[in-house]
Each structure stands twice: as C-alpha cells, then as structure tokens.
Amino acid sequence: MSFEVLDPGMLTQVQDMGRLGYQHIGVTTGGPMDEHAFLWANRLLNNPLNAPQLEITFGRLSLLAHSDTSIALTGADLGARLNERPIAPWQTYEIKQGDRLSFSMPVVGLRAYLAVSGGLDVPARLGSAATVSREQLGGLDGTGAKLAKGDRIPLAPPSAVAKASVPYSEIPDYRKPLRVGVIPGYQYRHFPRSARARFFTSEYQVSQNIDRMGYRLSGEAIHGDLDGIISEGIAYGSIQIPTDGQPIVLMKDRQTIGGYPKIGSLSALGAGQLAQRAPGASVSFYLTDVAEAEARRMIFNHRLRQGAPGTTG
Amino acid sequence: MRIEGINESTCIVYFGDTICDETAGLVKQATDNIRSALSDVITDLVPSYTSVMVCYDLERIDRFGIHTRLRQALEGGAEKAQDDAAAQTLELPVYYGPEVALDLKDVCEFSGLSTDEVIRIHSEQTYRVYAIGFSPGFAFLGSTDQRIAMPRKSTPRLKVPVGSVGIAGSQTAIYPSATPGGWQIVGRTPSKMVDWDSESLALAQIGDRIKFRSIDREEFISLGGQFDEL
C-alpha cells in the first residue's frame, strides 16, 4: 500500500506533531507549521491525532495511488485535483488504486495537509517522524530528506471511514489580514513604552524571508534597551527583535536556544495562522495573556475531540 | 528563582543574570529535579546558561498547576546544588595538528603566543557545559583563559568539519556535525559527540565538566579521527 511520488513539488515533507523530549540536547521539535489544520486532518479520519501526514508547501505535488484508501485534506487551498476533478480542502475523499492526486498553486493559504486513513507508515527517529532537514532526522527513511520523484510513501492499512468535513465555524479564512495575540514575556519589560506602543499599533508585512525556522516581518522598527541577552530557550511562536528592529517569529524548526531579545510570544494556534500567510500579507498584533491563550487552546481541543455536525465519531 | 509564563504550554525559570559556575550548578540541579518530579506533565526541558525553559502538556496541567509544582520541586534545591554530584567529568582527546587546526595560526598571531602555549592553555583547564543548542549536541563550554579568547570570524565558514574544536571569545565548543560556523578552529576530536543510535544520544550534558587532552596524529588516527576537509 503506497502512494508514488510523480512530482515532489516545491516542498513536501512528512510531519507528525513533532520530536518532543530532546530539546535539552539541541534537537528541535519540527512538526506541522499549522497545528489547527494538521489535527483536523487526522480527526476527520479518526486517526490518532499524532499520525504522520504530508505537509505540502506551495503546491505542485503529484501522487499516484497504488491502493485504495481514504484521505483528508485540510489547510491551504493549493488547487488540489483528484483525477483532474478539483477538490476542496477541509473534508475526506475516497481514493481508488490508480487515482492521481495533484496540487497546482496556492489559491488560499500556503500549506496543505494530506492525511491518509491510519497514517503514513514511516519510521520514527527519536520518537517522531517529523522531518527536520537541517538535523537529518525524520521523513520517509528517517534521514530528513524531503520527498523526491519516484519515492514510494508507505501507507498504514486503511479503516472504514465515513464521509466527513470540518464544521464551517472551524475553517479559518487565511485571506484575512492577520490580527494575532502576543503574550508579553521574556524581555518584554526591556522594551520602552513607546516601542511597545509602536509594535502594537503598526501593520507588518510578511517578508520574502520565511521558512520553517522563522518568519521575518517588515515594518516599523522596534528597539529595546538590550542588544543581546544570555542565550535561553526559544518557544514556538516567540518573537525575536534583532538589532535592525524587524520582528522574527520563530517557527517549528527554530533553534532550541538563542540570544536575541524577545518581546513576547504567539500561541501555537496563532503561529499556525501566521504559517498560512505568504510574503506581502498583513500582520498586526494585540496584547493578550497566557490565560486567554490557554482558554482558546482548551476550547479548540474540546471542539476537536467532540467533533461537530458533519464529522464522524 | 523567578518563574514566568511564555505561552499556553511553556514557561521559563530564571536562576540568575550572569554566566557563572554557581548559576550553572543551579540550572543543572533544577533540570534534574524538574525531570524527576514533573515527568508526568512535561514534554521538553531546555536548560541554558541561567534559565530552564519548561514545556508542558496543557491536556494534563494548566499554568497554575505547573507554577505550583515547579515551586515545590525547586524549593530546597538551592542548598543541594552545591554538592553537584550529578555532573560528570569527561576527558576529550583533541588533535591540535596543522591539518585540522584551521585557525590555530590566527589565534597565535592574535594572542602573541606560540602554538605550544595556546595548546597548553586550551587543554590544561577544566570547562563547564553551560548550554547545549545551535545544532544537536553542540555544547557551549566556558570559560577560556583570557589570553586565548579570540572573537569569532567576521565571515563564518560554510562548513566546519565534524569534531572541530573552536574558540569564540571566552567560550570553546566542539562541532558535533558539519554545519556552518564562525568559531576559530584550533583542533579536532575523534570522539563522537552525538550518536542517535546510542542510549545517551549526546556525550555531554548541561552542567558536565570537560577537559581536553592533547593527542598526537597517530593516536588521533587510531581513535578513528578523520581528515575530511571542507
């Protein structure tokens, strides 16, 4: 049971929820750039929530199915087609042997998630299948390679899956200018009141420099009273302010420790929404706190568990 | 000790504001204490020079719970930190020969010392592992003798060979894998700093002490040392 890679596209990687428990020896977590979309894809198929999937960035992936299974597609609309018929994200589809699944270009969002019933059957390295190319860990063979033409992606045996879709209220609109909460923390108090005011009232643009390590934004420069700090742990979603004053949001493949001052952090769900924005998109920030981020995540987890009309199980 | 929330599943505990042996001891002790007392709720621990970042599972504990349990685990830990029994001392063989010590000449020129003096000064001291990061298993060691403290290169190398031992200011470190890097390379160890198939994974842990032992070319080769270049 497998999918054959006819064209690997711009960047397609195997991801699960990440490599946890090894950051103390410098191994980053990896994991899906958009947890919201990733988790719903597994949920639609009643998979374990950590089951490995494909994260498809930008598109141009083309796959040939060598067996029957069910898939769920979530996240960005990358112009997916099943045997030349356009298919929309946020729902499940049946796949027959010989079917072709292909993606063209981003229509809405940047990263699509493709889950298969039972998950991809790939080896775990240090407890995870998450691909981190820089660290040569994870992926199809455990060495961090991205998908290549001719690869066979092994699939777990499928279960019977009812047709399901994500409730409309849980589908984000990635076209909207992103307004995202920042939890003050780390070196927040070392940014003068005027710098904080500028940060929270400015509009930033997603720059060309975005990857799985970090999102560089451009806009009003922010300056604190520290040039550097003693290196410390970097949380997913934390916002570094380097000397040029342009914020960098640290993403899933970030280094484990670093020495730039940080004004605070996004929640994981907030960072996931940023990960769906392409260069040129608008981002603004509002002040929030840990309590609100915690409450929002607990509500998300609850809805994911409960499902909703249209989802199974 | 100060605990601060970072996001819905992460907080950080600060133990001081300066890099020193005492704070490193506190960090080491706290890391061990948290690991043993909170293993049911933590997903990751990221110790560094003066802090420990704690990642926890929000499905198992919330921000109030984690703060309370961290305080419980860490109170009283401060006195015990002095004995520092958990830390090990590692001796690492280093070949300081010209084929592998890519910047030793520059360090000599910068410091005004001879090759032998730089090697002696670098290898006679015991260093402490202050932090691990940058790349898997990359251990930041301090502090080097001021006489050989040389700033990092203005243009980093695109690829530093595996096992390279470098100096950057008052820090020294070993490159566990071939990565870009700007440290001044003074030698190479044949020891494997990370081994994903071993049980310990990384040879050095935070808080450990490391001593370099100068070896000759013959011993470097017999220990499996490689001369692969850029």
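As the structure is a computational prediction, the values presented were derived from the model and not from experiment.

The rules we used
- For every chain, the first residue of the written sequence is number 1, and numbering continues from 1 along that sequence.
- Labels follow written order: the first chain is A, the first ligand is 1, and so on.
- The model is predicted, so local features are restricted to residues of pLDDT at least 70 and side-chain atom pairs to those at 80 or more, both for listing and for counting; the totals for chains, interfaces and linings are taken over all residues.
- Water and hydrogen atoms were dropped before computing side-chain values, which therefore reflect all heavy atoms in the structure.
- Each reported salt bridge corresponds to a side-chain nitrogen of Lys or Arg within 4 Å of a carboxyl oxygen of Asp or Glu.
- Secondary structure follows DSSP: runs of H or I at least 4 residues long count as helices, runs of E at least 2 residues long count as strands, and numbering of each begins at the N terminus.
- In this scheme, a residue with accessible area under 20% of its type's maximum is buried, one over 50% is exposed, and one in between is partly exposed, where area comes from a 1.4 Å probe on protein chains only.
- In plain words, nonpolar cores are sets of buried Ala, Val, Leu, Ile, Met, Phe, Trp, Tyr and Cys residues tied together by side-chain atoms within 4.5 Å.
- When checking whether two residues touch, look at their non-hydrogen atoms; a contact exists if any pair is within 4.5 Å.
- Any N or O atom pair separated by 3.5 Å or less is treated as a polar contact, with the protein-specific requirement of one donor-capable and one acceptor-capable atom, and with residues adjacent in sequence counted only for side-chain atom pairs.
- For every element, the axis is a line fit to its C-alpha atoms; helices are fit only across the contacting stretch, and the angle between N-to-C directions ranges from 0 to 180 degrees.
- If an angle is under 35 degrees, it is roughly parallel; if it is over 145, roughly antiparallel; if it lies from 65 to 115, roughly perpendicular; otherwise it is oblique.
- Should the near helix be turned anticlockwise from the far one by less than a right angle, the crossing is left-handed, and should it be turned clockwise, the crossing is right-handed.
- Each residue gets one label: Ala, Val, Leu, Ile, Met, Phe, Trp, Tyr, Cys and Pro are nonpolar, Asp, Glu, Lys and Arg are charged, and the others, such as Gly, are polar.

> It is not clear to me how the pattern of salt bridges should be interpreted in this structure. Could you clarify?
Between side chains of opposite charge, a pair can form as their charged atoms come close. Applying the stated rule across the entire model yields 29 salt bridges over all chains. As a salt-bridge pair, B:Arg63 and A:Glu294 come within 2.9 Å of each other at their nearest N and O atoms. Taken together, the positions of B:Arg63 in helix 2 (residues 63-74) and A:Glu294 in helix 4 (residues 290-306) put the pair across two chains. B:Arg157 is paired through a salt bridge with B:Asp103; the nearest N and O atoms lie 2.9 Å apart. Highlighted residues: B:Arg157 in strand 8 (residues 157-160) and B:Asp103 in the loop between strand 5 (89-95) and helix 4 (104-111), separated in sequence by 54 residues. You can call B:Arg157 buried: its relative accessible area is 17%. Here the salt bridges do not stand alone but share partners, grouping A:Glu35, A:Lys252 and A:Arg297 into one network.

> Explain the nonpolar core to me, please; I cannot follow it from the model alone.
Residue and element names in this part refer to chain A. Counting residues in each nonpolar core, the largest one holds 47 residues, and the members touching the most others are Phe-199, Tyr-215, Ile-239, Leu-266 and Phe-285. For this core, the element with the most residues is helix 1 (residues 35-44), which contributes six residues. Leave out the neighbours within four places in its chain, and Phe-199 touches Val-182, Tyr-204, Ile-222, Ile-239, Pro-247, Ile-263 and Phe-285. Leu-73, Ala-76, Leu-78 and Leu-140 belong to the second largest nonpolar core, which has 29 residues in total.

> Is there a simple way to explain helix 1 of chain A in this structure?
Residues lying three or four places apart along an α-helix face the same way, a consequence of the helix completing one turn every 3.6 residues. Residue and element names in this part refer to chain A. With ten of ten residues buried, helix 1 lies mostly within the body of the structure. Inspection of helix 1 places Glu-35, His-36, Ala-37, Phe-38, Leu-39, Trp-40, Ala-41, Asn-42, Arg-43 and Leu-44 among the buried residues, and these make up the whole buried set. In this structure Asp-34 caps helix 1, since a side-chain oxygen of it lies 3.1 Å from the backbone nitrogen of His-36. Positioned one or two residues after helix 1, Asn-46 has a phi angle of 55°, which is positive.

> I tried to follow the packing of helix 1 (residues 21-37) of chain B against helix 2 of chain B on my own but got confused; where do I start?
A packed helix pair is summarised by two numbers, namely the angle formed by the two axes and the spacing between the axes. All names here are of chain B. Interaxial distance between helix 1 and helix 2 falls to 9 Å at its minimum, and their mutual angle equals 120°. Classified by the angle their axes make, helix 1 and helix 2 are oblique. When you trace helix 1 past helix 2, the crossing you get is right-handed. When helix 1 is examined against helix 2, the residues Ala-30, Asn-33, Ile-34 and Ala-37 are found in contact with a partner set consisting of Arg-69, Leu-70, Ala-73 and Leu-74. Tallied by class, residues from the contact of helix 1 with helix 2 come to six nonpolar, one polar and one charged.

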